Amino acid sequence: MIELHDIRKTYRVGDLDLPVLKGVSLDIADGEYVAIMGSSGSGKSTLMNLLGSLDYPTAGTFRLDGTDITTLSEAELATFRSRQIGFVFQNFNLLPRTSALDNVLLPTLYVNDGRSQRERVEYAEQLLETVGLGGRLDHTPNQLSGGEKQRVAIARSLINRPKLLLADEPTGNLDSKTEQEILQVFRKLNQDHGITIIVVTHDAEVAHEADRVIHVKDGLIAGDVVKPRSAERAPSPAASRPRESVARGNRQAALASAFNAVGVAAAAMRRNALRTMLTMLGVIIGVASVVSVMELSSGATVAIKDTVSSMGASMLTINPSRGSSSSRRMREVQLLPDDVTAVAMNCSAVKVAAPLVYSEIQLVRGNLRWRPKFCMGTSSEYLAARNWGDLDMGRSFTHQQILDSAKVCVIGKTVADQLFPDEYPIGQEVRANGVSLRVIGVLAPKGGDIIGNDQDDILIGPWTTFKYRIDGGSAPQQRRTTFSDRLPPMQLVSHSAAHRDKSIHQIYIQAQSPEQVAEAREQITSLLCRRHDVDPAGAFQINDITEVTKVVGQVVGGLSALGMVIAAVSLVVGGVGIMNIMLVSVTERTREIGLRMAVGANRRAILRQFLIEATVLCLIGGVVGIVAGHLWSMWVGTVVGWPTVMSIWAPLTAIGVAATVGVIFGYYPARAASRLNPIDALRYE
Ligand code: ADP
Ligand code: MG
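Since the model is a prediction, treat every value here as computed from it, not as a measurement.

Quick notes on the rules
Residues numbered from 1 in each chain as written. Chains lettered and ligands numbered in written order. Predicted model: local features only at pLDDT ≥ 70, side-chain atom pairs only at ≥ 80, totals over all residues. Heavy atoms only, no water. Phe/Tyr/Trp six-rings, centres within 6.5 Å; stacked < 30°, edge-to-face > 60°. Helix = DSSP H or I, 4+ residues; strand = E, 2+ residues; numbered from the N terminus. Buried < 20%, exposed > 50% of the residue type's maximum accessible area, 1.4 Å probe, protein only. Contact = heavy atoms within 4.5 Å. Salt bridge = Lys/Arg side-chain N within 4 Å of Asp/Glu carboxyl O. Near = heavy atom within 4 Å. Polar contact = N/O pair within 3.5 Å; in protein donor to acceptor, adjacent residues only side chain to side chain. Areas by Shrake-Rupley, 256 points an atom, 1.4 Å probe, with all protein chains shown as cover. Nonpolar A, V, L, I, M, F, W, Y, C, P; charged D, E, K, R; others polar.

*Asks:* Even after reading the chapter, I still don't get the packing of aromatic side chains, so can you show me in this structure?
*Replies:* In this description, a pair of aromatic rings is defined by centroid distance and the angle of the planes. Within the structure shown, the criterion is met by 4 aromatic pairs. With 4.8 Å between their ring centres and 85° between their planes, Tyr 382 and Tyr 508 make a pair best called edge-to-face. Of this pair, Tyr 382 sits in helix 12 (residues 380–385) while Tyr 508 sits in strand 21 (residues 506–511), placing them 126 residues apart in sequence. The class of Tyr 508 is buried, set by a relative accessible area of 2%. Judged by centre distance (6.5 Å) and plane angle (50°), the ring pair of Trp 463 and Tyr 468 falls under tilted. Overall, Trp 463 belongs to the buried group, its relative accessible area being 12%.

*Asks:* Quick question: what am I supposed to make of the environment of Pro 678 here?
*Replies:* Of note, Pro 678 is situated in helix 24 (residues 678–683). For Pro 678, a relative accessible area of 9% translates into the label buried. With residues near it in sequence (within four places) discarded, Pro 678 still touches Leu 54, Gly 594 and Met 597.

*Asks:* Any chance you could explain the pattern of salt bridges here in plain terms?
*Replies:* When their charged atoms lie close together, side chains carrying opposite charge are able to pair. Counted according to the given criterion, the structure contains 19 salt bridges. One salt bridge in this structure joins Arg 12 and Asp 17, with 2.8 Å as the shortest N-O distance. The class of Asp 17 is partly exposed, set by a relative accessible area of 47%. The partner of Glu 592 in a salt bridge is Arg 596, and the shortest N-O contact between them spans 2.8 Å. Residue Glu 592 and its partner Arg 596 are both found in helix 21 (residues 590–598); the two are separated by 4 residues, about one turn of the helix. For the pair shown, Glu 592 and Arg 596 are each scored as buried.

*Asks:* How should the site of ligand 1 be read in this particular structure?
*Replies:* Gly 41, Lys 44, Ser 45, Thr 46 and Arg 683 are the nearest of the 13 residues found near ligand 1. In the model, an oxygen atom of ligand 1 is placed 3.3 Å from a nitrogen or oxygen of the Ser 42 main chain. The separation between an oxygen atom of ligand 1 and a polar side-chain atom of Thr 46 is 2.5 Å. The fraction of the free accessible surface of ligand 1 (550 Å²) that becomes covered by protein chains is 70%. Looking at the shell around ligand 1, the elements with two or more residues in it are strand 1 (2–13), strand 2 (16–28) and helix 1 (44–51). By residue class, the composition of the shell around ligand 1 is 4 nonpolar, 7 polar and 2 charged.

All quantities given are derived from atomic positions and should not be read as evidence of function.
Here it is in structure tokens:
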């Protein structure tokens, strides 16, 4: 079964070559029970590790069961090891805080031999029964004595039905009674199950049990004694029992192993719960900031779009230019009511044109006084264009009421609440700067606009009423209380006075569509310049809100980009935290890694395990972060009064980013773990 030929092993310590095995040749047959004896430092463990294919020899050939070990790749070796060889160590090497049953099942994680998980568990229970631990499946290593731990380790070494059992000083840490019990287990395994057993020991008692004793001295074989009784013993039929034959359950086993990897990761994380939580905190904060920045900025974008559409994306205003005019053709011009009609009739891109007359008005109702923030005279088209067409109560004023300068008005919700706290406002009289107006309608509430102005604090009337009855049409900032301003229209004397008196403050325009705003602007400019005989440049100021929207959108975009940068930085910080903890974990669990490799895990399995661990850490952090970020943005939203939009993209991005962070930052420690040499890892202190 085992053929060693002129095996040499030389360690390099610093600049020094340290030959440990100096040409060992050895044949061991199937079903033998061999003890390797020698003093400490003679190279027994080194030989054992070579036999177990945990290490490559420096020179020589090694055939195990007909396979030349030195030609196998690392992954092939791992598979070979997991199927053919069981290891028992002096210091047991059980996984702490893991039940006896799970310890026994550990090697099955790394083989795919067609057994279902249930068969494996049953076999593990049976093995524990065989070594006398049938009733202690759930016990963790710290609840077991040394001898019991070693029995668990023996059961573990047998779980994959190996042909060869290697034990390195298996009783070195045990008292002599327990030693005898362990030796009986070996004897039974050898006799009843035909397993080849090689025990390394410096203890003559242990060697005495074996059928063949090989003495090692200074890296060479000094003696090889075969006891007569081994010849009498026929190989048991169990030795030739069929190994795996079915591919059934292969998928099941693969699934189970992926599931197990997650389970292993979860267990490792639970072992250091506080540390895990602190590590996750970085990811949680990072993901939470990504989510809240995304939600808040998309909320802001929606709010801006809403404002734009409520103000009308296709809205323009025409103002007379107030710039000083040096040129004759650049003189100050005023907007006239006729301009409104002309614009509405002649400009094809214009849908609605409405005059606007502003005023500062003190409203009095009984002993209640109120100064609305917005007071304007206009036409009913304006209300329709501003989406105020549907009134809460009453109705809007008619064209006839405009012609008559009727003493009527429409008020916003805030004004109604202030002046008519417990009355039905429609039909009531209110005094506006001394003029009695009848309330004929209350506007549907609109709430605050984007900069917080209460849009319901408003009084609207026919523009003629504002102009000729209430205030003479002076805008607050340019109030001119000349004599002619106060005269009724029919008493106008001079042309200029009549001209000024007929002027309105602003024309409100709605283009046919937001796309036609530019076209409307051109048509209006040329029309008004023709009508007033002025230069196009500077005579009128035509504003539209697309500029405003653009600027606000850019600001919000810039702010959210900034937020994203900060979020990304905290994610990176979180990732570095994970990397740090994973590196600590790799160092801490070096022996565990060595053990896993000894029982058959290859580099990829180790890499995968640590990657999964980092990813699970990040994903849990990601999920918690999403919830935290969402709650945070909702809280900020309610406190600041900013709408939030919960999008599916925020959590998806966050999860994606979290997983990526896990993989990227987990890769280095995972690779470091997988690069460990199994022997060095097992010896690590
Ligand atoms: P033992 O017979 O006690 O099991 P070992 O096989 O463990 O002896 O070690 C044999 C010799 O090889 C010792 O002198 C030890 O110092 C040396 N040795 C073992 N492993 C290494 C290593 N990884 N690097 C350097 N020297 C080693
Ligand atoms: Mg040793």
